[in-house]
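Fold and contact review
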Amino acid sequence: MKIIKTTLLLTLMMLTITVGVAQKKKKKKQNRKKTEVAAVKVYEGPELPPEQLVRLVSETVGKKYAYFIAVDEKDIPNMSLMSGAQEILLLPGDHTIKMRFVSKGEIAIPTESFDFLSFEAGKSYVVKFEYTPGEGSYLVSAGNTRIRLWIEEVGQASVLIEQTVDGFGKRVEPADK
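These numbers come from a predicted model, not from an experiment.

Cut-offs used in this document
- Residues numbered from 1 in each chain as written.
- Predicted model: local features only at pLDDT ≥ 70, side-chain atom pairs only at ≥ 80, totals over all residues.
- Heavy atoms only, no water.
- Helix = DSSP H or I, 4+ residues; strand = E, 2+ residues; numbered from the N terminus.
- Buried < 20%, exposed > 50% of the residue type's maximum accessible area, 1.4 Å probe, protein only.
- Polar contact = N/O pair within 3.5 Å; in protein donor to acceptor, adjacent residues only side chain to side chain.
- Contact = heavy atoms within 4.5 Å.
- Patch = residues over 30% accessible without salt bridge, like charges linked within 9 Å, V, L, I, M, F, W, Y side chains within 5 Å.
- Areas by Shrake-Rupley, 256 points an atom, 1.4 Å probe, with all protein chains shown as cover.
- Salt bridge = Lys/Arg side-chain N within 4 Å of Asp/Glu carboxyl O.
- Phe/Tyr/Trp six-rings, centres within 6.5 Å; stacked < 30°, edge-to-face > 60°.
- Lys NZ or Arg CZ within 6 Å of the ring centre and 35° of its normal.

The subject of this paragraph is the side chain of Ser 58. With respect to the element layout, Ser 58 can be found in strand S2 (residues 54-58). Residue classification places Ser 58 among the buried residues on the basis of a relative accessible area of 5%. Here Ala 66 takes part through its backbone oxygen, which lies 2.5 Å from a polar atom of the side chain of Ser 58. If we skip the residues at most four places from it in the chain, Ser 58 touches Ala 66, Tyr 67, Phe 68, Gln 86, Met 99 and Val 127.

This is the structure:
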């Protein structure tokens with residue numbers, strides 16, 4: 001009888017501990033996701049109010065997304081090849097933007113920088129994309145892959161600047177031209 005009581009007590013304790021650990025892990029994971037969403041400041045100097053800054057956000061569609069890896073040829077610190085800043089704050093003016101496109105399980109490539117684009121203070125912009133995977137062996141597939149990236153002002157449907165790259169991240173002519 002004593003062995004059964006001890007076994008039940010130990011089982012109950014293990015279940016309680018397991019549930020507590022699982023809840024802590026879940027909470028930690030949620031907190032990590034919240035931190036990753038924060039915009040990265042990519043300008044020098046003090047914090048500025050939103051009306052003096054430019055906000056640039058990259059969209060995510062399913063397991064496909066692009067993140068910022070450099071502004072004006074200055075790298076944005078990053079801890080991983082698969083994730084990085086998807087929202088940045090910068091000063092108004094002309095900037096070049098370099099991205100890495102990721103389709104989890106398929107491709108993760110840095111793209112060539114967008115040409116200079118003039119961003120206005122107090123406005124938000126979004127980077128969008130279309131991904132068409134290539135077929136065949138790796139080299140053939142990468143050469144036939146097309147990733148069209150473009151930037152729009154939030155709330156406006158017009159494309160401000162765009163580029164199409166292959167699976168190596170090199171600029172190519174869009175498929176519809």
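Attention shifts here to a nonpolar patch on the surface. A surface patch of nonpolar side chains, amounting to about 310 Å² of accessible area, comprises Met 13, Met 14 and Ile 17. Locating Met 14 in the fold gives a position in helix H1 (residues 2-37).

Next up on the list: the packing of aromatic side chains. According to the stated counting rule, one finds 4 aromatic pairs in the structure shown. Note on Phe 119 and Tyr 125: the rings are 4.9 Å apart at their centroids and 85° apart in plane angle, and the pair reads as edge-to-face. Across the pair, exposure class does not vary: Phe 119 and Tyr 125 are buried alike. Each residue in the set Phe 101, Phe 129 and Tyr 131 is aromatic and connected to the rest through ring pairs, giving one cluster. The positively charged end of Lys 41 is found above the aromatic ring belonging to Tyr 43, 5.0 Å away from the centroid. Sitting above the plane of the Trp 150 ring, Arg 148 keeps its charged end 4.0 Å from the centroid.

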